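What follows is each chain in one-letter form.
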Amino acid sequence: MENEYRLIGYPLSHSISPIIHKRLFELSGNLDSRYSLMEIEPSQIKENFQSLFDLSGFNVTIPYKVFVYENLKELDDSAKRYGSVNVVHKNADGICKGYNTDVYGFLKAIYSMGASLKSNVLLIGCGGVGRMMAIETAIKGGNLTIAVRQSSNEKALKLKQEIENSYKDVTVEIADINNIPKKKYDLLINSTPSGMYPNIYDIPIDPTICSYTTYLFDAIYNPKETVLMKAAKIYGAKVLGGMSMLIWQAVAAHEIWDNVTYKSKDISMLIQNMYNDII
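Conventions and cut-offs
- Residues numbered from 1 in each chain as written.
- Predicted model: local features only at pLDDT ≥ 70, side-chain atom pairs only at ≥ 80, totals over all residues.
- Heavy atoms only, no water.
- Pairing = 2+ DSSP bridges.
- Helix = DSSP H or I, 4+ residues; strand = E, 2+ residues; numbered from the N terminus.
- Axes fitted to C-alpha atoms, helices over the stretch in contact; angles between N-to-C directions.
- 1 Å grid on protein atoms, 1.4 Å probe; cavity = no way out; pocket = protein on both sides within 12 Å on 5 of 7 lines; lining within 4 Å.
- Points joined across faces, edges and corners; volume = space filled by probe spheres on them.
- Nonpolar A, V, L, I, M, F, W, Y, C, P; charged D, E, K, R; others polar.
- Buried < 20%, exposed > 50% of the residue type's maximum accessible area, 1.4 Å probe, protein only.
- Polar contact = N/O pair within 3.5 Å; in protein donor to acceptor, adjacent residues only side chain to side chain.
- Contact = heavy atoms within 4.5 Å.

(A) A look at the sheet that holds strand β8 (residues 143–148). An order of β9-β8-β7-β10-β11-β12 is seen for the 6 strands of this open sheet, with the pairing classed as parallel. Two strands lie at the open edges of the sheet, namely β9 (172–176) and β12 (238–240), each paired on one side alone. The average undirected angle you get between the axes of adjacent strands in this sheet is 20°. Note that strand β7 (residues 120–124) and strand β10 (residues 185–190) share 4 bridges and pair parallel.

(B) View of unusual backbone geometry. Residue Pro11 follows Tyr10 across a cis peptide bond; omega there is -5°. Within the secondary structure, Pro11 is located in the loop between β1 (3–9) and α1 (17–28). Following Tyr197, the chain continues into Pro198 via a peptide bond in cis, with omega recorded as 10°. Along the polypeptide, Pro198 turns up in the loop between β10 and β11 (213–218). One non-glycine residue, Asn259, lies in positive phi territory at about 55°. Examined against the element boundaries, Asn259 turns out to sit in the loop between α9 (243–258) and α10 (264–278).

(C) Broad picture of the layout of surface pockets. The computed volume of the largest pocket comes to approximately 810 Å³. If you trace the largest pocket, you find 29 residues lining it, with Cys126, Gly127, Gly128, Ser152 and Lys155 closest to the centre. Here the residues of the lining of the largest pocket sort into 12 nonpolar, 10 polar and 7 charged. Roughly 480 Å³ of volume is contained in the second largest pocket. Along the walls of the second largest pocket sit 27 residues, with Thr61, Lys65, Ala219, Tyr221 and Leu246 positioned nearest its centre. Here the lining of the second largest pocket gets 3 residues from one element, more than from any other, and that element is α9. Tallied by class, the residues present in the lining of the second largest pocket amount to 15 nonpolar, 10 polar and 2 charged.

(D) Main features of the side chain of Asn100. Along the chain, Asn100 falls in the loop between β6 (96–99) and α5 (102–113). With relative accessibility at 3%, the residue Asn100 sits in the buried group. Only 2.9 Å separates the side chain of Asn100 from the side chain of Ser84, close enough to count as a polar contact. When residues no more than four places from it in sequence are discounted, the contact partners of Asn100 are Ser78, Ala79, Tyr82, Ser84, Asn86 and Met132.

So, in structure tokens, the structure goes:
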């Protein structure tokens, strides 16, 4: 029997997820599953949501990670911790459960750079994935500054209060994205879609902020090198794009869906091949 998986989000024209998941199914020997995109406009998500439960499972991307979290009855601790869902699995009893595997991919990427969250961290954005990055920084004991637009200030303040209530020794600073404090940051993280294909010339912050950081992780994977990454390299920072995070979170999804494991060397090769073949 063929199993069907999908990625929901909007927009999805840039997504390479079907290729990644096809290769992961092949690596695990699963030839009975298929994976496709399901682009849903924000005005239609509520009426289409219930139909997703007919699938074997699905992934969730911008802008629905928090929506799915709020509308699923069964949630793994990973989803509860970060308040967002990017993977849903339907078990043999037909029960759909939400997980957050973004954190797995995120940590794999950060550690591969040699960076640490137990440091001075500047996070750009506090949406679904940004929220996870903020909470994980707090868990690891980092000093966190969250830079957001004025329209997201209320959301950022709520996240700040939640973090400081849960992690007593952690303090969070909220900054206007157009007036970021010019001080030393060990790690700068972009969690926003600014600079993502097709808007490849966009940059979320004043590029001179990059001169204050040692490492930059940009969660965007397409293009391979964003304008922000280019700016950071000019200032001598070590940079990494989002492909490794994207693929490692997908690996974690397959481990949930199929109860399989993968060899690190195969995944490293897949990351490189995706950059060579797609970007």
